[in-house]
Amino acid sequence: VPAGSRVPADMVLVRTSDKSGAVFIRTDQLDGETDWKLRRAIHHTQRLETDADVVEVHASVWADRPVKEIDFFVGNFTLEDASPFLDPEAGPAAGPPQETEQLVEPLSVENTLWANTVVCGGHALGLVVYTGVETRVAMNADPPKSKVGLVDLEINRLSKMLFALSLILSVVLVLFKGGAPDAAFESLVRFVILFSSIIPISLRVNIDMAKTAFSSFMMADKEIPGTIVRSSFIPEELGRIDYLLSDKTGTLTQNQMDMKEVHLGEIAFGREELGEVRALLQQSFDQAPDAPPRARPPVHTRVRRLVEALALCHSVNLTEDEGVREYQASSPDEVALVNYAKSVGLALVDRTLSHITVQRPRGTQAKYEILDVFPFSSDTKRMGIILRDEETGRVLFFMKGADVAMMPIVEFSDWLDEECGNLARKGLRTLVVGMKVLSREEYAAFSQRYEAAKRQVYEREAAMRSAVEDLECNLTLLGLTGVEDKLQENVASTLETLANAGVRVWMLTGDKVETATCIAISSKLFARNAAIFHLTAETREQAEEQFSRFQKRTGACLVIDGRSLALCTDNFPRQFIEVACACPAVVCCRCAPTQKALVVRLLKRHAKRRCAAIGDGGNDVAMIQAADVGIGIEGKEGKQASLAADFSLTKFSHVSRLMLWHGRNSYTRTARLSQFVIHRGLIISIIQVVFSSIFYFATIAIYSGWLVVGYSTVFTMLPVFSLVLDEDVDADTVFMYPELYKELQKGRRLCLRTFLEWVFKSIYQGGAIMLLSIFLFDHSFLRIISITFTSLLLTELLMVALEIQRWRWQMVVAEVLSLAAYAVAIFLLPSYFDAGFIMSGDFWIKVIVITLVSCLPVTIGKWFRTTCAPPAYVKLARSRDAADS
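Residues numbered from 1 in each chain as written. Predicted model: local features only at pLDDT ≥ 70, side-chain atom pairs only at ≥ 80, totals over all residues. Heavy atoms only, no water.

Focus: the overall build of the protein
Along its length, the protein carries 32 helices and 29 strands. Since a compact globule built from 885 residues should have a radius of gyration of about 29 Å, the 37 Å found for the protein marks it as more spread out than a globular shape. Within the protein, the fraction of its 885 residues that count as buried is 52%. Long-range pairs, those at least 24 residues apart, make up 73% of the contacts in the protein with a sequence separation of at least 6. Summed over its atoms, the accessible surface of the protein is roughly 39300 Å², and 57% of this surface lies on carbon and sulfur atoms. Distance between charge centroids for the protein: 7 Å, based on 94 positive and 105 negative side chains. (Helix = DSSP H or I, 4+ residues; strand = E, 2+ residues; numbered from the N terminus. Rg over C-alpha atoms; globule rule 2.2 N^0.38 Å. Buried < 20%, exposed > 50% of the residue type's maximum accessible area, 1.4 Å probe, protein only. Contact = heavy atoms within 4.5 Å. Areas by Shrake-Rupley, 256 points an atom, 1.4 Å probe, with all protein chains shown as cover. Lys, Arg positive; Asp, Glu negative; His and termini not counted. Charge placed at Lys NZ, Arg CZ, Asp CG, Glu CD.)

This is the structure in structure tokens:
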């Protein structure tokens, strides 16, 4: 696999182009982290001269069955013939191996390359162990599913009710008509066909066209450039979101760490004091060697010790790409620390598996031998390194880590706890740095015990941990660092706007607990003084105990890791979701992709809430596809999330406009368009019902042919469809009062109550038009068609005009074109219209009376309701008008 290419399958790393056998990979599409992670090749195969020599090796690899865990792997490399791999420096005393002797090298996740990761800094040779659906990336992905909006489900339910109404009306008219059973069945079928306009067949076409228009409005919005609507089926769902589940790395943050502050106790240095720190460091190197570690040294000496620790205690490596050298590490905060040390005059210039070389302020170099490295883990929450200064011969033990892990092992300090809290409240990630100078005897004793622990077959990790813990005591406290993970643009204001709109935001991340907590604070996801409850458990009993304690902490924000989340969701999912939903905010850390999707499904199933998910990496695809609305951000982690999402954005801050403005408009316009299409079909059917009832229940259509076709297309389609341009409030009001979004979450714009209101309007108006036309009947069936149809058309156009909140020129054109089309039809369809009668004053007097009787009571009722109990957006409009005046 060449550098810069994605790994095609899960592989065991056999060889790399680097002599040390190390290679970096980027796992952005697997766990969402853009940091480079170090992988090492099998020791024995790395010692071969060339890649071609691998095929001559007689060996085998045993791998455990495929599992979902991306940070776990168990395997063995068995070398059948060990003779070519003997160390020539071992000498003959080692003795040749027997013919049947085998060498077995244990394999862990450190020796693997998972599919869809990117090889960085050299090419890699691997042995494929898992392919297809057995790869980690495939096992953590869910198959895509088609999404159906809640509005579509509501419309389907209303359509069934309209069909039932049509059937009931047909049965009632047949019963009143009477007759033989055969004739009754024929009449029933005829009535069902006559009343078929009740069922809004054209509604689906109108809504699909409207959704296409809504999608084009989103992509054309200059306030959110680069927005792409990949699914035009659910734009209205953006207006009813209750929960937004967000990734952290690359979504809320830029994954770009920046050192903000170092604290030495009574003195602190921020970014503005870099020059002062540089001067103190140079002063320290210019003077004689510093005092013994236990003495209270001057400030410049303490600065030197802290900066040396930052420049030496890390896992940073140097890579070179096209002549440019840069730092790479498995954690971006380590790069920030090393860059800070470089900026003040102590630069890392080289690192191998055995040595670290740094350059001092005056340009001289110091070399340190790496004796032991204790990498960071989620259990220890700290990392350490033992070095030998080749200039002085001193053995130095540096360690850094989270405050909770470091406080018990460093010397007591009355300022450490307070300053850690101060930096954490600023949203900075804190690291406590300590050191210890080891004597030769101390290190020899430790090394002997540590090497013995590494050779143990059983409980190796526990023995190694025990040996290191004996060394981790009475460390000299060097200082405290505060690192900031830069947030995306306007993240804090966006989260605040969403919170005011009633949208709960949960952070689901694969990152560490400490990092996620700091980001939640700095992004204002957690309020500055909010109580935070950390739920951590190893067993079901511990999970139940922690959960019961959390239930008593009302109003506290929840932080939970992946293992504890699995225990809660496996054993008591409903109770966990119900309690979590009552929290102001929830942060789930160390989440696998499948866990993110599981949280979405549990929210939908148990809380019955509409969920949106937003992310930017391949590890977010499962969550995005499981949510009601999936939003992808196209960023550093590629386009996988963007391509799998329903909506693609370029910045997280755009989500507020997408939901609060476009989501609102899409939902309210879809609801109003649906109501008018239902009203349009229902009112003409009521006219037919009244007509048939008056004329002895005759199964004769009052309107036929071109009139029926033209009514729902040429004559009324443009005005009704122009409602997709209407706005109940303007954009400034939406963002000034985001609380307006809460009204939409209740789903009252299209519900049973509003449906019944429009049914009663249709029944009244259809009955009024037909009965008044009969009352004004002038002994001509052709004239009654002209009167009723003209009144029907004017009523529909007038109802559209009365419902419009904000007029646009397109709406005026639509009304005028509809009237013009009707005027032309009068002369083109003489079999339906009496042109002479229509041009008379008597005709228009009757039509105006009928139209006023059908529309005026409805309009007065709407005015009374708006005056006595106005909706929230009407109140705001009135208050703004009053303020303007």
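Considerations on the pairing of strand β18 (residues 365-374)
Bridge analysis of strand β17 (residues 355-359) against β18 gives five bridges, and the strand direction is antiparallel. Bridging from a neighbouring strand, V358 pairs with A366 of β18. Count of turn residues in the β17/β18 antiparallel hairpin: five residues, of which G363 carries a positive phi of about 95 degrees. Of the pairings in the sheet, the one linking β18 to strand β19 (residues 382-389) comprises six bridges and is antiparallel in character. Paired with D372 across the bridge in β19 is I386. (Pairing = 2+ DSSP bridges.)

With respect to the packing of aromatic side chains
As enumerated under the stated definition, the model contains 25 aromatic pairs in all. Here the aromatic rings of F374 and F446 are separated by 6.0 Å at their centres, their planes lie at 85 degrees, and the arrangement is edge-to-face. Remark: F446 occurs in helix α12 (residues 440-454) and F374 occurs in strand β18; sequence separation between them is 72 residues. Its relative accessible area of 6% is what places F374 among the buried residues. Three or more aromatic residues joined by ring pairs form one cluster here, namely Y703, Y711, F715, F789, Y822 and F833. The cationic tip of R136 hangs over the ring face of W114; the distance from NZ or CZ to the ring centre is 4.2 Å. Of note, K761 hangs over the ring of W758, and the distance from its end group to the ring centre comes to 4.1 Å. (Phe/Tyr/Trp six-rings, centres within 6.5 Å; stacked < 30°, edge-to-face > 60°. Lys NZ or Arg CZ within 6 Å of the ring centre and 35° of its normal.)

A word on the environment of K19
Along the polypeptide, K19 turns up in the loop between β1 (10-16) and β2 (22-27). Here the alpha-carbon distance between K19 and E49, two residues 30 residues apart in the chain, equals 9.9 Å.

Observations concerning the nonpolar core
One finds L525, F526, V587, F652, M659, Y703 and F833 to be the most contacted residues of the largest nonpolar core, which totals 116 residues. Of all the elements, helix α22 (residues 654-694) adds the most residues to this core, at 19 residues. (Core = buried A, V, L, I, M, F, W, Y, C linked by side-chain atoms within 4.5 Å.)

Some points on the sheet that holds strand β6 (residues 103-107)
Ordered in space as β4-β5-β6, the three strands form an open sheet in which the pairing is antiparallel. Single-partner strands in this sheet number two, and they are β4 (59-63) and β6. Across the sheet, the mean angle separating the axes of adjacent strands is 15 degrees when strand polarity is ignored. Where β4 meets strand β5 (residues 75-79), five bridges bridge the pair, whose relative direction is antiparallel. If you follow A59 over to β5, its bridge partner there is L79. (Axes fitted to C-alpha atoms, helices over the stretch in contact; angles between N-to-C directions.)

Some points on the confidence of the model for the protein
Summary statistics for the protein give a mean pLDDT of 85 and a share of 92% for residues scoring 70 or more. The lowest-confidence element of the protein is helix α32 (residues 872-884), averaging 63 in pLDDT; the highest-confidence one is strand β11 (residues 243-246), averaging 94. Scored below 50 in pLDDT, residues 87-100 shows five contacts in the model against residues more than four places distant or in partner chains. (pLDDT = per-residue confidence, 0-100.)

Things to note about the sheet that holds strand β10 (residues 228-229)
Strands sit in the order β10-β29-β28-β27-β11-β23-β26-β25-β24 across an open sheet of nine strands; the sheet is mixed. Two strands close off the open sheet at either side, each with one partner strand: β10 and β24 (532-535). The pairing of strand β25 (residues 557-561) with strand β26 (residues 586-589) spans four bridges and is parallel. Following the sheet pairing, I560 is matched in β26 by C588. Contacts from helix α16 (residues 540-551) reach β24 and β25, with the element oriented near 165 degrees to β24. Across the face of the sheet, α22 comes into contact with β27 (611-615), β28 (629-633) and β29 (647-649) while running at roughly 140 degrees to β29.

Quick notes on the state of the cysteines
Scanning all chains against the criterion turns up zero disulfides. The thiol of C611 is unpaired, and the distance to the nearest cysteine sulfur, on C581, comes to 8.2 Å. With relative accessibility at 0%, the residue C611 sits in the buried group. (Disulfide = S-S within 2.5 Å.)

A look at the environment of N619
Turning to its location among the elements, N619 is positioned in the loop between β27 and α20 (621-626). Note on N619: relative accessible area 2%, which makes it buried. The spacing of N619 and Q640 is 21 residues in sequence and 9.0 Å in space, taken between C-alpha atoms.

Focus: the pattern of salt bridges
Summed over the entire model, instances satisfying the criterion amount to 43 salt bridges. In this structure, R465 and E472 form a salt bridge, with 2.8 Å as the shortest nitrogen-oxygen distance. Judged by relative accessible area, which is 22%, R465 ranks as partly exposed. When salt bridges with common partners are traced through the structure, they connect D152, R204, D208, K211 and E236 into a single cluster. (Salt bridge = Lys/Arg side-chain N within 4 Å of Asp/Glu carboxyl O.)

Regarding empty space enclosed by the protein
Per the counting criterion, the structure on display carries five cavities of 30 Å³ or more. Put simply, the largest cavity is a space of about 50 Å³. Lining the largest cavity, in full, are T668, R669, R672, L723, D726, E727, D728 and R749. Looking at the lining of the largest cavity residue by residue, the classes come out as one nonpolar, one polar and six charged. (1 Å grid on protein atoms, 1.4 Å probe; cavity = no way out; pocket = protein on both sides within 12 Å on 5 of 7 lines; lining within 4 Å. Points joined across faces, edges and corners; volume = space filled by probe spheres on them. Nonpolar A, V, L, I, M, F, W, Y, C, P; charged D, E, K, R; others polar.)

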